[in-house]
Amino acid sequence: MASGRDDRDQTEEVRTAIRVGDPIESGEVCPVEQIPDPCALVIFGASGDLTRRKLIPSLFYLDRKGLLPDNLYIVGAARTEMTDDAFRDLLREGVRKAEAETFDEAAWAAFAKRLFYRPTSYADLAAFRDLGGVLSSLDREFRTGGNRLYYLAVPPSLYTPITTQLGESGLAKAEGGYRRVVIEKPFGRDLRSARELDEHIHQVFSEAQIFRIDHYLGKETVQNILIFRFMNAIFEPIWNRRYVDHVQITAAETLGVENRAGYYEHAGVLRDMFQNHMLQLLALTAMEPPSRFAADAVREEKTKVFRSLRPIPLEHLEEHLVLGQYGPGQIEGQSVRGYREEPGIEPASQTPTFAAMKFHVDNWRWQGVPFYVRSGKRMARKVTEIAIQFKRIPHLMLQAVMDESIAPNVLILRIQPDERIRLAFQTKSPGFKSCLRQVMMDFCYQDAGKGVALDAYERVLLDAMLGDQMLFVREEAVNLTWTLLTPVLEAIENNDRVPPFPNYDAGTAGPSDAHQLLERGDDRWRPL
Ligand code: BG6
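Keep in mind that this is a model prediction, so the values were computed, not measured.

**Considering the packing of aromatic side chains**
Both the distance between ring centres and the angle between the ring planes are used here to describe each pair of aromatic rings. Within the structure shown, the criterion is met by 22 aromatic pairs. Where phenylalanine 87 meets tyrosine 117, the ring centres are 5.0 Å apart and the plane angle is 40°; that geometry is what we call tilted. On the criterion of sequence distance, the pair formed by phenylalanine 87 in helix H3 (residues 84-99) and tyrosine 117 in strand S3 (residues 115-119) is long-range, its members being 30 residues apart. Side by side, phenylalanine 87 and tyrosine 117 carry an identical accessibility label, which is buried. Linked through ring pairs, Tyr263, Tyr264, Tyr326, Tyr339, Phe354 and Tyr504 together constitute an aromatic cluster. Looking at arginine 180, its charged tip hangs above the ring of tyrosine 178, at a distance of 3.5 Å from the centre. One cation-aromatic arrangement involves lysine 219 over tyrosine 216; the distance from NZ or CZ to the ring centre is 4.7 Å.

**Brief notes about the sheet that holds strand S2 (residues 72-78)**
Within the open sheet, the 6 strands sit side by side as S3-S2-S1-S4-S5-S6. Their pairing is parallel. Pairing within the sheet leaves two strands with one partner each, and these edge strands are S3 and strand S6 (210-212). Direction aside, neighbouring strands of the sheet carry axes that sit 20° apart on average. Bridge count between strand S1 (residues 39-44) and strand S4 (residues 148-152): 5 bridges; the pairing is parallel. Note on S4: the bridge partner recorded for valine 42 is tyrosine 150. On the sheet, H3 packs against S2 and S3 and is oriented at approximately 120° with respect to S3.

Calculation criteria
Residues numbered from 1 in each chain as written. Predicted model: local features only at pLDDT ≥ 70, side-chain atom pairs only at ≥ 80, totals over all residues. Heavy atoms only, no water. Phe/Tyr/Trp six-rings, centres within 6.5 Å; stacked < 30°, edge-to-face > 60°. Helix = DSSP H or I, 4+ residues; strand = E, 2+ residues; numbered from the N terminus. Buried < 20%, exposed > 50% of the residue type's maximum accessible area, 1.4 Å probe, protein only. Lys NZ or Arg CZ within 6 Å of the ring centre and 35° of its normal. Pairing = 2+ DSSP bridges. Axes fitted to C-alpha atoms, helices over the stretch in contact; angles between N-to-C directions. Contact = heavy atoms within 4.5 Å.

Quick look at the structure:
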């Protein structure tokens, strides 16, 4: 008799037969949809990549979905000299490329009327005062009531100078409307720099005005973790140390470092993915039920998880952390170069592009349940998922005739690329013999009717305008995650405790040592 080990292979054929996920009756229960109040969105760093690739396309889609207030205008500010029209053309190109043949010229023309540009030198207070003049007159024209959102789409080294200027020029001072600032990651590069940055920003903005982005929190399926866990009665009772053996969280990418050498060489995977996205996913998986689905309650429960994370024992670091850097290899049949050969990367770079880590949450619910977390670039395939592996059955009634152990139940929350929830369980194969087969119950977001409604940046932009901080990271959470990771970063960076790089081929599941981190009995990382 056989039992299933790799659920991917064995389950495909039966998936449709036991597909779940069709909405029952017309059963959709929605809170009232809110349109934000009129406001100005000022994007610093507006000539850059993030604005062109993410922010403007997201705002354009929000507009087309009717989710933006009519009286919203957008001012791009950056050092590059450009007219309003040149700015509009630059952004139009970005959206047109992304949309290809579905690009709607008339809709763009209407949207572009909201777009303005102001060349702004970040070191120049007078330039900020001029910008203030432009904003005041547009505020009157668009009747925004003075509401303003400042978005810092700039390299982190500019967060301090820009917030200083916003403070000194009076632009941070609320005059009738609100003033908010949206800050991209990375928020600091260790505990000390994150605290300094907080201290600085707090001289100008209060915590209620600061929106620290982690775009993973805006992903539809990441938000669904809370709904799935806390709006269903059947999962919560088994979501603990009595039933869960361990948790695996994976964010594997096929992309390499691309054109971000300048940033990535000094960040590496622990700063780029772990301090923020990966630990946020861990917190959503491990947190207690919040009393209300509201920003303060949800963020408080996540913060409690960060407070409960066991410090990584540096004397046994290798039992808790495996690092990797990709060498040359093959991705989807194409040869790709190794990290050290990428443009702008040092030929002897010691920057890790892969990490696997073991965490423990020291509280009643999770005592003894390891959380294995891995993320890497240039891996075999792109997948982000959380797998809850339940304990094995306590007694095998077919013991006398079975020579293999039975694969345990696994619940998979797949975040991307195909958003779904899957549950692996054992069934009897049809037929005379009592053969077991592991099958998958499969709920697919795309099949469930409307598909994914808002992309991550659309969601966070909308929430920042609505003033809802639930999907943004608060100060204490940032500090706690840096408190956990800073000693680890110091240990590897100061003492050069990294393995000889490169140690995995592009297009694979990462370095072989990562497997040893998880090997316990029959347990393995889920296949990539
Ligand atoms: C970013 C990191 O925050 O997230 C990138 O800086 C990474 O290095 C990206 O590629 C992954 O995001 P997503 O949404 O593609 O999983």
